[in-house]
Amino acid sequence: MASTVTYEVWLLDPLGNTLDVIDEWLYLKYDRALNNVGSLELGLDGGYPNFSSIKLDGRIVIWRDGKIDTDTTWLIRRINKTLDEDGTMGISIGAFSANEILNRRIVAYDDGSTYADKTNVAADNMMKQVIRENFGTSASVAARNISTYFSVESDTGLGPTISKKFAWNNVLDVIQDISLTTISAGSSVYFDVVSPAFNTFEFRTYRSQRGIDHTFPNGISPLVLSPERGNLTSVLRSFDYTGEATYIYAGGAGFNQFRYVATASNLDRIGATPLNRREMFLNATQEGVAQEVDNAAKAALRENRPARIFQGRLFNVPGTTEYGVHWGFGDLVTVEFDGESINCSIDAVQIEVKNSEEQITATMRAIET
């Protein structure tokens, strides 16, 4: 349907200085995923006059109805110029959400150091320590400090207390693993790199959900989605068991009989069929004490649950179901479909704008305790 909202696309240089407000573009597609890196594609006419200003790590800001949509700024990593068979020149820009910054560093510290071994630290604070020690003022090598461009939210200590070892691991992997551990503990902490202003980046953590709780009946401005209400279509309800593991062995440090092996299992899932004991071994040698290996086993069990997904296209119904007004990325909502009523987290959004038409698709994960 024709979009009634306004879009502005800004081009910034790698330092965050505004270079251009791009008035004319051919298409715009972008997606955001919880605890992960989103992607963006922007198509321009081949005659775009400021092509030479499009640089590596230049930034793209998407303003939707005057707000930075999905709270992030996009970093350019691919620049294409094409010529079609009919002689038409085109430009396409590929960019990633600011979470991609986390993928650029490793925990560049030895095992046993306070930088790589964390004991009894609130999970959200642990995430922030990792960022400060590998991107910020606490980095042991001054050249790794980019705090001028990338800040970290103040500690809040709202997550569960955990212990982790992660020497020489990728930072994004470490932060994702910490979050997964909190989810398995039943006290979820999520993270994101957001843009509080169009030319800034900040690492933040979120307790329980990334966005706002709109579940029925006790959430803030409860929102119920269903085909019958006219605000949900193109529904996919998926029960995907292909990657399921129901019994986890996690091996800590040591060898043979001296190696501690933790186990984690789900008897209900194992008993679903006579054949559903599905075992997996997790190499957890990077973990320290037995409790950390136990936690790794529990996290793997949760990570390898069956995927229970709602995916659908949400209609922007004026006054009731408007994206950016009544719901957004990371929010919790209630979905009614085929006799089910279930609370879901909007874990991903995909937005495409072309020829003044806007299509928004949300991927929703059923919330499981």
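Residues numbered from 1 in each chain as written. Predicted model: local features only at pLDDT ≥ 70, side-chain atom pairs only at ≥ 80, totals over all residues. Heavy atoms only, no water.

Undergrad: Please explain helix α1 (residues 123-135) as it appears in this structure.
TA: For the α-helix, the turn length of 3.6 residues means that residues three or four positions removed from each other point alike. For α1, built from 13 residues, the straight-helix expectation of 18 Å at 1.5 Å per residue is met to within 8% by its first-to-last C-alpha distance of 18 Å. Those residues of α1 not exposed but buried are A123, D124, N125, M126, M127, K128, V130, I131, R132, E133, N134 and F135. Packed against the buried residues of α1 are β9 (117-122), β10 (150-152), β11 (161-165), α2 (171-184), β12 (189-194) and β13 (201-207). (Helix = DSSP H or I, 4+ residues; strand = E, 2+ residues; numbered from the N terminus. Expected span 1.5 Å × (residues − 1). Buried < 20%, exposed > 50% of the residue type's maximum accessible area, 1.4 Å probe, protein only. Contact = heavy atoms within 4.5 Å.)

Undergrad: Mind showing me how you'd approach the packing of aromatic side chains here?
TA: To describe a pair of aromatic rings, you give the distance between the ring centres and the angle between the ring planes. One pass over the structure, following the stated rule, counts 10 aromatic pairs. With a centroid separation of 5.0 Å and 50 degrees between ring planes, the pair formed by W10 and W63 is classed as tilted. Placement of the pair is W10 in strand β1 (residues 7-12) and W63 in strand β5 (residues 59-64), with a sequence separation of 53 residues. Its relative accessible area of 17% is what places W10 among the buried residues. Judged by centre distance (4.9 Å) and plane angle (55 degrees), the ring pair of Y323 and W327 falls under tilted. A relative accessible area of 1% means that W327 is categorised as buried. Among the aromatic residues, those joined into a ring-pair cluster are W10, W63 and F198. (Phe/Tyr/Trp six-rings, centres within 6.5 Å; stacked < 30°, edge-to-face > 60°.)

Undergrad: Teacher, can you tell me more about the sheet that holds β12 here?
TA: The strands making up a sheet associate through backbone hydrogen bonding, with each pair oriented either parallel or antiparallel. The strand order across the open sheet formed by 3 strands is β10-β13-β12, and the pairing between neighbours is mixed. Looking at strand neighbours, the two that pair on one side only are β10 and β12, the edges of this open sheet. When the angles between neighbouring strand axes are averaged without regard to direction, this sheet yields 25 degrees. Judged from the 6 bridges that link them, β12 and β13 form a sheet pairing that is antiparallel. Following the sheet pairing, V194 is matched in β13 by E202. Taken strand by strand, α1 contacts β10, β12 and β13, and its axis lies near 165 degrees from that of β13. Across the sheet, α2 is in contact with β12 and β13; its angle to β12 comes to roughly 145 degrees. (Pairing = 2+ DSSP bridges. Axes fitted to C-alpha atoms, helices over the stretch in contact; angles between N-to-C directions.)

Undergrad: Help me understand the environment of D23, please; the structure alone is not making it clear to me.
TA: Tracing the backbone through its elements, the reader meets D23 in the loop between β2 (18-22) and β3 (27-33). The class for D23 is exposed, based on a relative accessible area of 70%. A sequence separation of 42 residues divides D23 from D65, and the C-alpha atoms of the two residues are 15 Å apart.

Undergrad: Mind showing me how you'd approach the side chain of T334 here?
TA: As for its placement among the helices and strands, T334 is situated in strand β20 (residues 332-337). The exposure class assigned to T334 is buried, which follows from its relative accessible area of 3%. A polar atom in the side chain of T334 sits 2.8 Å from the side chain of N343. With near-sequence residues (within four places) excluded, T334 lies in contact with T215, F216, L223, V224, L225, S341, I342 and N343. (Polar contact = N/O pair within 3.5 Å; in protein donor to acceptor, adjacent residues only side chain to side chain.)

Undergrad: Even after reading the chapter, I still don't get the pattern of salt bridges, so can you show me in this structure?
TA: Two side chains of opposite charge can pair, provided their charged atoms sit close to one another. Per the stated rule, a full pass over the model turns up 19 salt bridges. Notably, a salt bridge pairs D57 with R104, separated by 2.8 Å at the nearest N-O pair. Of this pair, D57 sits in the loop between β4 (39-45) and β5 while R104 sits in the loop between β8 (89-96) and β9; the two residues are 47 residues apart in sequence, bridging distant segments of the chain. Here the salt bridges share partners, and the residues they tie into one network are R32, D71, D192 and R210. (Salt bridge = Lys/Arg side-chain N within 4 Å of Asp/Glu carboxyl O.)

Undergrad: Would you take a moment to explain the sheet that holds strand β16 (residues 247-251) for this structure?
TA: The 3 strands lie next to each other as β17-β16-β18, forming an open sheet whose pairing is mixed. Among the strands making up the open sheet, the edge pair consists of β17 (261-265) and β18 (279-283). Across this sheet, the average inter-strand angle for adjacent strands is 20 degrees, counted without regard to direction. Where β16 meets β17, 5 bridges bridge the pair, whose relative direction is antiparallel. Bridge pairing links Y249 to T263 in β17.

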